[in-house]
Amino acid sequence: MTALRVALIFAVVCPVGSSQLSRHEMDVFWKFFKIAHSKIYDTPAEEIIRQRMFENNVALIKIHNLKYDLGLHTFTMGINEYSDMSPEEFSLTMNGLRLDRSAPRFAQPSDDLTCENDDPLPDSVDWRTNGYVTPVKNQGKCGSCYAFSTTGSLEGQMFNKTGRLRSLSEQNIVDCSRKEGNHGCRGGTMDKSFKYIKTNKGIDTDDSYPYRAKSGFFCHFKKKNIGGEVTDAVDITTGREDCLQKAVVSVGPISVAIDATYRFQNYKDGVFKDVGCDRVDLNHAVLLVGYGTTDKGQDYWLVKNSWGESWGLDGYVKMARNSDNMCGIATAASYPLV
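The rules behind each value
Sequence order as written defines the numbering, with residues in each chain counted from 1. Since the coordinates come from a predicted model, pLDDT governs what is reported: local features require at least 70, and pairs of side-chain atoms require 80 or more to be given and counted, while whole-chain, interface and lining totals use all residues. The side-chain values count all of the structure's non-hydrogen atoms but skip hydrogen atoms and water molecules. UniProt positions are given in the numbering used here, feature names are shortened, and annotations may be inferred rather than shown by experiment. A fitted line through C-alpha atoms represents every axis, and for helices the fit uses only the stretch in contact; the resulting angles, taken between N-to-C directions, go from 0 to 180 degrees. In DSSP terms, a helix is any run of H or I states spanning at least four residues, a strand is any run of E spanning at least two, and both are numbered starting from the N terminus. When describing relative orientation, an angle under 35 degrees is termed roughly parallel and one over 145 degrees roughly antiparallel, while 65 to 115 degrees is termed roughly perpendicular and anything else oblique. Left-handed is the label given to a crossing in which the near helix is rotated counterclockwise from the far helix by less than a right angle, and right-handed is the label when the rotation is clockwise. Throughout, a residue-residue contact means that at least one pair of heavy atoms, one from each residue, lies within 4.5 Å. Three residue categories are used. Nonpolar comprises Ala, Val, Leu, Ile, Met, Phe, Trp, Tyr, Cys and Pro, charged comprises Asp, Glu, Lys and Arg, and polar comprises the others, including Gly. What a helix should span is 1.5 Å times the count of its residues minus one. Type-normalised accessible area, obtained with a 1.4 Å probe on protein chains alone, sets the label of each residue: buried when under 20%, exposed when over 50%, and partly exposed for intermediate values. Taken from the helix axis, the directions to the C-beta atoms give the arc we talk about. Working definition: a disulfide is two cysteine sulfur atoms within 2.5 Å of each other. To form a nonpolar core, buried Ala, Val, Leu, Ile, Met, Phe, Trp, Tyr and Cys residues must be joined to one another through side-chain atoms within 4.5 Å. Throughout this description, a polar contact denotes any pair of N or O atoms lying within 3.5 Å of each other; where both atoms belong to protein, one of them has to be capable of donating a hydrogen while the other can accept it, and for residues adjacent in sequence the pair is counted only when both atoms sit in side chains.

As annotated in an unreviewed UniProt entry, the chain carries the name Cathepsin L and comes from Ridgeia piscesae. What UniProt records for the chain under Sequence similarities (unreviewed entry) is the sentence "Belongs to the peptidase C1 family."

Pasting the structure below:
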């Protein structure tokens, strides 16, 4: 039985929006969850704890989606591979951005990419349709989101330069950029990663230096396997969504930082908008690949995450745009020059 088929049965048998589940139904729900996401636990005690966390998330999802039906939320939640984790554990494990506000920033963008440019902008942009974006990746239980955001924007710029889309090595950054201030699976930033690639004169391809979801003790970079290079990088004007929009149109995919609150853990569909999101204290790195407006008139940013395809919209999230810099998406945005 394929994972997709199991997931479909899983959704039909125990829909999140159904009435209160009985003990038996919840146990069946749990079994389908384990099958769908290939969950195996080390001990019976751990499984009991994981099932309790899973049931807590199911309850949270049900309440949230009922409020969505009442028009109180703009997005829905759903079960994914992280639904057996507590919000605290999830944030500690998956959110690896470590912003350093004392570190010098890169140069600001040239006039044609800043708010000084008044050229009309398209109503929507999706760089996936132009070949700039690799498939959704999964960082696993490693706080390496910054590395995935870095490779994502560089993959787009290398495609623009060469016409060839190549997946670049996050593990290369995780293992090799400590001198620049990154901390492997314990976090880092995109700016420091760009600096590493610039100083190192390149980054290897993903095929030659595959991802392992853990920090390596040694750097295994090989010059013969370089798939991308950085000559410099640009920090977009802080906090200005209009500047960010113009950069997306002119440049392509952009590395951005956000506050991925506990609601992110079970995001499924719709435009993510959470008044509790911080605009300054950011903890997660993602890739901005476009923007648009829903049929209901909700402006959104189209964002590629690194939590696998079971999360969100096949690995993507639509985040509220023109909404007072929701979750700080325009606070620390940058892109490489190649």
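From this point, the discussion proceeds with the structure in view.
A. Expanded view of the packing of helix α5 (residues 145-162) against helix α7 (residues 190-200). Relative to each other, α5 and α7 sit at 60°, their axes nearing to 9 Å. In terms of orientation, α5 lies oblique with respect to α7. Of the two possible hands of crossing, α5 and α7 adopt the one that is right-handed. On α7, the residues touching Tyr 146, Ser 149, Thr 150, Ser 153 and Leu 154 of α5 are Met 190, Ser 193, Phe 194 and Ile 197. In terms of residue class, the contact of α5 with α7 is built from 5 nonpolar, 4 polar and no charged.

B. Just helix α2 (residues 23-36), in detail. For α2, with 14 residues, the first-to-last C-alpha span of 20 Å sits near the 20 Å given by 1.5 Å per residue. Within α2, burial applies to Met 26, Phe 29, Trp 30, Phe 32, Phe 33 and Ala 36. When α2 is viewed along its axis, its buried side chains cluster within an angular range of 165° and face the same direction. Within α2, the exposed residues directed more than 90 degrees away from the buried face are His 24 and Lys 31.

C. Expanded view of the state of the cysteines. For the structure shown, the criterion picks out 3 disulfides. Bridging Cys 142 to Cys 185, the disulfide has an S-S length of 2.0 Å. Where Cys 142 bonds to Cys 185 through sulfur, the torsion about that S-S bond is close to -95°, and the disulfide is left-handed. Of the two residues, Cys 142 sits in the loop between β2 (125-126) and α5 while Cys 185 sits in the loop between α6 (170-176) and α7, which places them 43 residues apart along the sequence. No difference in accessibility class separates Cys 142 from Cys 185, as the two residues are buried. What pairs with Cys 176 in a disulfide is Cys 219, and their sulfur atoms sit 2.0 Å apart.

D. Summary view of the nonpolar core. Judged by nonpolar contacts, the single largest core of 58 residues is most densely connected at Leu 244, Val 248, Ile 254 and Phe 264. Core analysis: the next-biggest nonpolar cluster, separate from the first, contains 22 residues, Cys 145, Tyr 146, Val 174 and Val 230 among them.

E. Region of the structure containing the environment of Asn 138. Along the chain, the position of Asn 138 falls in the loop between β2 and α5. For the pair Asn 138 and Phe 148, spaced 10 residues apart in sequence, the C-alpha separation works out to 8.8 Å. Filtering out sequence-adjacent residues up to four positions away, Asn 138 remains in contact with Glu 81, Tyr 82, Phe 148, Tyr 211, Ser 306, Trp 307 and Gly 308. Side chain to side chain, Asn 138 and Tyr 82 meet in a polar contact 3.3 Å long. Here the side chain of Asn 138 touches Gly 140 through a polar contact of 2.9 Å, landing on its backbone nitrogen.

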